[in-house]
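Summary of the model geometry
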2 protein chains.
Amino acid sequence: MADLERIDPASYAQLSEHLRTLETHYRDLCDIEFTIERGTLWMLQTRVGKRTAEAAFAIAADLAEEGLITQDEALARVSGDDAVRLMFPRFDTAAVGDPLAHGIPASPGAAVGAAVFDCAEAVRRAAAGEKVVLVRQETTPDDLPGMVAAQAVLTSRGGKTSHAAVVARGMGKVCVCGAEDLVMNPAGRRCTTAGGSTIEEGTVISVDGSTGTVYAGAAPLVDSVVMKYFETGERPDGLVDAVARTLDRADGVRRLGVRANADTPEDAARARRFGAEGIGLCRTEHMFLGDRRKLVEAMILAHTDSARVQALDALLPLQRQDFVGILEAMDGLPVTIRLLDPPLHEFLPDRTALSVRIAAAEARGNPPSAHDAELLEAVNRMHEENPMLGLRGVRLGLLAPGLTAMQVRALAEAVVERKRAGGDPRAEIMVPLIDTVEELRLVREEVEETLAAVFEASGVAVHCPVGTMIELPRAALTAGQIAQEAEFFSFGTNDLTQTTWGFSRDDVEAAFFSAYLDKGIFKVSPFETIDPEGVGRLVRIAVAEGRAARPDLKIGVCGEHGGDPASVHFFHAAGLDYVSCSPFRVPVARLEAGRAALTGTETSDSR
Amino acid sequence: MADLERIDPASYAQLSEHLRTLETHYRDLCDIEFTIERGTLWMLQTRVGKRTAEAAFAIAADLAEEGLITQDEALARVSGDDAVRLMFPRFDTAAVGDPLAHGIPASPGAAVGAAVFDCAEAVRRAAAGEKVVLVRQETTPDDLPGMVAAQAVLTSRGGKTSHAAVVARGMGKVCVCGAEDLVMNPAGRRCTTAGGSTIEEGTVISVDGSTGTVYAGAAPLVDSVVMKYFETGERPDGLVDAVARTLDRADGVRRLGVRANADTPEDAARARRFGAEGIGLCRTEHMFLGDRRKLVEAMILAHTDSARVQALDALLPLQRQDFVGILEAMDGLPVTIRLLDPPLHEFLPDRTALSVRIAAAEARGNPPSAHDAELLEAVNRMHEENPMLGLRGVRLGLLAPGLTAMQVRALAEAVVERKRAGGDPRAEIMVPLIDTVEELRLVREEVEETLAAVFEASGVAVHCPVGTMIELPRAALTAGQIAQEAEFFSFGTNDLTQTTWGFSRDDVEAAFFSAYLDKGIFKVSPFETIDPEGVGRLVRIAVAEGRAARPDLKIGVCGEHGGDPASVHFFHAAGLDYVSCSPFRVPVARLEAGRAALTGTETSDSR
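A quick note: this is a predicted structure, and the numbers were derived from the prediction, not measured. Residue numbers here run from 1 along each chain, matching the order of that chain's written sequence. Each chain is given a letter, starting from A, and each ligand a number, starting from 1, according to the order in which they appear as written. The model is predicted, so local features are restricted to residues of pLDDT at least 70 and side-chain atom pairs to those at 80 or more, both for listing and for counting; the totals for chains, interfaces and linings are taken over all residues. Think of the side-chain values as coming from all heavy atoms in the structure, minus any hydrogens and water.

This next bit is on the sheet that holds strand E10 (residues 183-185) of chain A. Residue and element names in this part refer to chain A. For two strands to pair, DSSP has to find at least two bridges joining them. Segments assigned H or I by DSSP are reported as helices when at least four residues long, segments assigned E as strands when at least two residues long, and all are numbered from the N terminus. The antiparallel open sheet is built from three strands, whose spatial order is E10-E11-E12. Sheet topology places E10 and strand E12 (198-200) at the edges, where each strand pairs with a single neighbour. Neighbouring strand axes in the sheet, compared pairwise and without regard to direction, differ in orientation by 15° on average. Here E10 pairs with strand E11 (residues 190-192) via three bridges, running antiparallel. From the neighbouring strand, Val183 faces E11, where its bridge partner is Thr192. Lines fitted to the C-alpha atoms define the axes, with helices restricted to the stretch that makes contact. Angles between their N-to-C directions range from 0 to 180 degrees.

Right, here's the structure in full:
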């Protein structure tokens, strides 16, 4: 344009005026094509322009600043997906060479590693501590261990619904797929690029899953300025300011609350910096791992009441300190604590691995120790064919003696401790895997007795609402009854998707989701975006019948769908009170909740 | 009464008249209490009498014969549970001694075995080929292997919802529980009876689960005359005639069809003798076992298309002969063939057992054979954490190359063969585990292409309806769409119960159902009687929306609930066309379907 101004000032002036006209008409960034033939300016074509995530926020903010669009229109023109892309570190493009290859940006983020051309090599090198990128023509379910081991996945074939893309997204792993310029030679353990370079096994490459670009060598990473803003509150001019203003606007118009799923004080604090208005899901099972596994094992293997009580008594103060830290980090905001959910055998060793170890030792003439023999006996006795459908959640809470009481006592004591320290602890107790109102009634009785005992002894009393996950079809179908005993509902849409569809994410995503997307059976994975006709119908039934039975019932969602843009629109339309998602997804949820409030219920109804 | 007639003929005449009055009034068998004091007859109390199953049929038939009640009333006065009790062999009470003990008849049938007092001994003796009865104060989930190993379970504590009772009923195993006269001494491996006898470990006892009685020694068994009638059609006077007349009446009034679940020609023939009007579920997975496992293994492990095709080609004629036999046994009646349902790894060895065997051999210096190594690799690769929620049913049919086509081709060729032999084959093809209409559309295309190819080549054409199981919540919730591609629905209420409640029968029934019944969370196991509020609501939704989309949609049920009395009433009220159950349950279903037609929809609505 500067050249044109110098060469042909008349055409330049004319073009500038046309551009203003177009921008005012479309109220958006425009791509134009024009030509100047013998002094005459011809406008050939125009359309609203494609843009990067950075540009989307900057342009929307500028147009709003100039008064060409309203702040609401600016909000409508950016998306949660744009926001996600801005939150990953990216490569410093000024410091990298020419790209080696381009493909489809299938799962965002940036990663560096040594190229490997088969699954076994990926596993081998990763086990030795090396960072690798798995490079394949396309992946199949057999490549799963290699994908798990790799920093990133790069394929030369397939689109956004290819196996590599679907599985990498499910894992949150960087992926570029369909880089068709790459000529693969897996037998020779190398591939060649369009530019004639060869990537040998072990060659270090850099994969940008946000842009689809692959670079040679270890490209230097640049931290995200947007992420820095969330972490520190620093709000320089430019992109960050545009993002911040858009989020402020979203917060101003949204009706949905946004909480985070967080299990530690650190995550809780981060979630708060990202704008979370509380914790919608604090999983207590993560507090039973690490050093504490020995105590949990002792509780499980206990042969006498006194041995079990001893183990529970040892867990109690540890669990209390967990809760104190989280309540402190979220002081003044609601914290929903979920009682222990997984089957107890998950805290014991893997059955096959343990059996193999003991059998191999025996074959060498070394009989198992008494402890190993006891462990094996317990692991075999507690083995479940389908642990997702077994003795877990409230079933465990009702059957494992002392477990619920220990957890609730720890929480009540933490509330007392925070209260005495001048804090404002707002704990909510959530019961997992409820099927019937009777289960909730029984566990609620135990919870309330325990709370009352602690509060009475301490002279401190804080109301701790008791509610339930709605994560099984039967709970949704009988929500009107369950609401009689629940102060809140939280949809566990991961498990609800698994049971409504009858498939377990771990087992099926890598096994056949890509084929299902290719065949058109899915338009999108129901674990990424809520399925409105099946799972969504259960959600709508439960909201309507739960509220009919208890008009002040608070209703949220704490599955991963809580941070998915399309799902946030669905939950807005379904009338939920809040969504809860991973801390990093909180800005996405804030943004999309704002956009949902602008567009009303159309999004979910039109899907 | 004969004595009274002799001693006091006046009172006798008076009493006889009163009895006639009472019987005419109550139109039923009456228990009465009377006394004669100084020549005056005093009637003290009367009520409709308790009766054995034999008496229930005989009395109802007699009263109807005498015209005191109608045939419909006679039908209403017997139950499917009565019919079940008449179908087991029983002990010849004339040939046994005095009972050793009495308890609660918790699971019907008669069994003989050596008493054992702990689980390990039961397993040990059963493994050595001995028949045992597990005798315990009460059972816990830890006793499960012993219960599996035993012929019968006898406990001294607990009622019909005790662990022993619930689990034994689930297994179809004889059980007497709550025999409180027995004083247990498990440490001494014996117990004592009220009569002072001692039952030592190894003492042979006889347990009658239909009456709750325990006898010393091996009591002689008498075959059921009712069972003999079903098997042979022999219809002597008395009990059998009463049962036959009642069933005839039920057949005359019922609206529900009754089919059987049968996988072999023998079962199909038996089902037909028991009155089945077709097969509602023919599972093809049972045809992949035994000798054929090697071929199935070859199909699974095939590394090349030609190896896989070779394995499928070898299975085809075997599968065809399966179908010919079943279609012949059910000639002229519908036979619903379900395409392969279980995950393929079920046809391979157990992962832990195989791993242990190979690891132990390696530890002894014997590396695995190439075949074992290949098997282990496949078993590990195909391992699923939750196989019930994995790659099975239609998912397998869509993904495993050639499998669906082989099964459908075998069926089509069987139909042609039967047709050429002058038969009337009525095959229906049922697709398992449908979640979405798109799955059914795709598999249906393949099915219809295959049928058309066989029928065109043979010049024989028979319409084979294609339908689907409704066994996942999502299928029920989208039944209106699915009906567009389905000529029939069959509710798989076992799987539908498992997914709606989120529990697997194998894992939970022994683990906590008894506790749930005790706590009042269940009134009855949802695997025994359909849960009307959760699973039943899905059934009603699917019936309404399926029929709205396709008014001539045929709808049945082929879960075990199809043979449960209360569930049959529910299915009648829900408007199903037929129930399908195990061959032995067919008379129960006929009877209850008749009773349901008499009582209308009250039964299911009042539960």
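Residues and elements named next belong to chain A. Here, a salt bridge means any Lys or Arg side-chain nitrogen found within 4 Å of an Asp or Glu carboxyl oxygen. This structure, assessed with the given rule, holds 105 salt bridges over all chains. A salt bridge links Asp424 to Arg426; the shortest N-O distance between them is 2.9 Å. Connected through salt bridges with shared partners, the residues Asp118, Glu121, Arg124, Arg125, Glu130, Arg189 and Glu201 form a single ionic network.

In this section: the nonpolar core. Nonpolar cores are built from buried Ala, Val, Leu, Ile, Met, Phe, Trp, Tyr and Cys residues. Side-chain atoms within 4.5 Å join them into one set. Burial status follows relative accessibility: with a 1.4 Å probe on protein chains alone, a residue under 20% of its type maximum counts as buried, one over 50% as exposed, and anything between as partly exposed. In terms of nonpolar packing, the biggest core is built from 274 residues, with Phe491 and Leu576 of chain A together with Phe491 and Leu576 of chain B touching the most fellow members. Two residues form a contact once any of their heavy atoms are found within 4.5 Å. Leaving out residues up to four positions away in the same chain, Phe491 of chain A has contacts with Ile470, Leu496, Val539, Ala542, Val543, Ile555, Gly556, Val557, Cys558, Gly559 and Leu576 of chain A.

Moving on to the UniProt feature "domain: PEP-utilising enzyme C-terminal" (unreviewed entry) in chain A. UniProt positions are given in the numbering used here, feature names are shortened, and annotations may be inferred rather than shown by experiment. What UniProt calls "domain: PEP-utilising enzyme C-terminal" (unreviewed entry) maps, in this numbering, to residues 249-594 of chain A. Helix makes up 54% of residues 249-594 of chain A and strand makes up 11%, while its end C-alpha atoms are separated by 7 Å.

Once that is clear, we can look at the state of the cysteines. Count a disulfide wherever a pair of cysteine sulfur atoms falls within 2.5 Å. Tallied over the entire structure, the rule returns zero disulfides over all chains. In this structure Cys191 of chain A is a free cysteine whose sulfur lies 15 Å from that of Cys175 of chain A, the closest cysteine sulfur available.

Once that is clear, we can look at the packing of helix H11 (residues 265-273) of chain B against helix H13 (residues 305-329) of chain B. Residues and elements named next belong to chain B. The geometry of H11 relative to H13 is characterised by a closest axis approach of 8 Å and an angle of 10° between their N-to-C directions. It follows that H11 is roughly parallel to H13 by the angle criterion. Taking contact as the criterion, the partners of Pro265, Ala268, Ala269 and Arg272 in H11 are, on H13, Gly325, Ile326 and Ala329. Considered class by class, the residues forming the contact of H11 with H13 number five nonpolar, one polar and one charged. Roughly parallel here means an angle under 35 degrees, roughly antiparallel means over 145, roughly perpendicular means 65 to 115, and every remaining angle is called oblique. Think of it as three bins: nonpolar holds Ala, Val, Leu, Ile, Met, Phe, Trp, Tyr, Cys and Pro, charged holds Asp, Glu, Lys and Arg, and polar takes everything else, Gly as well.

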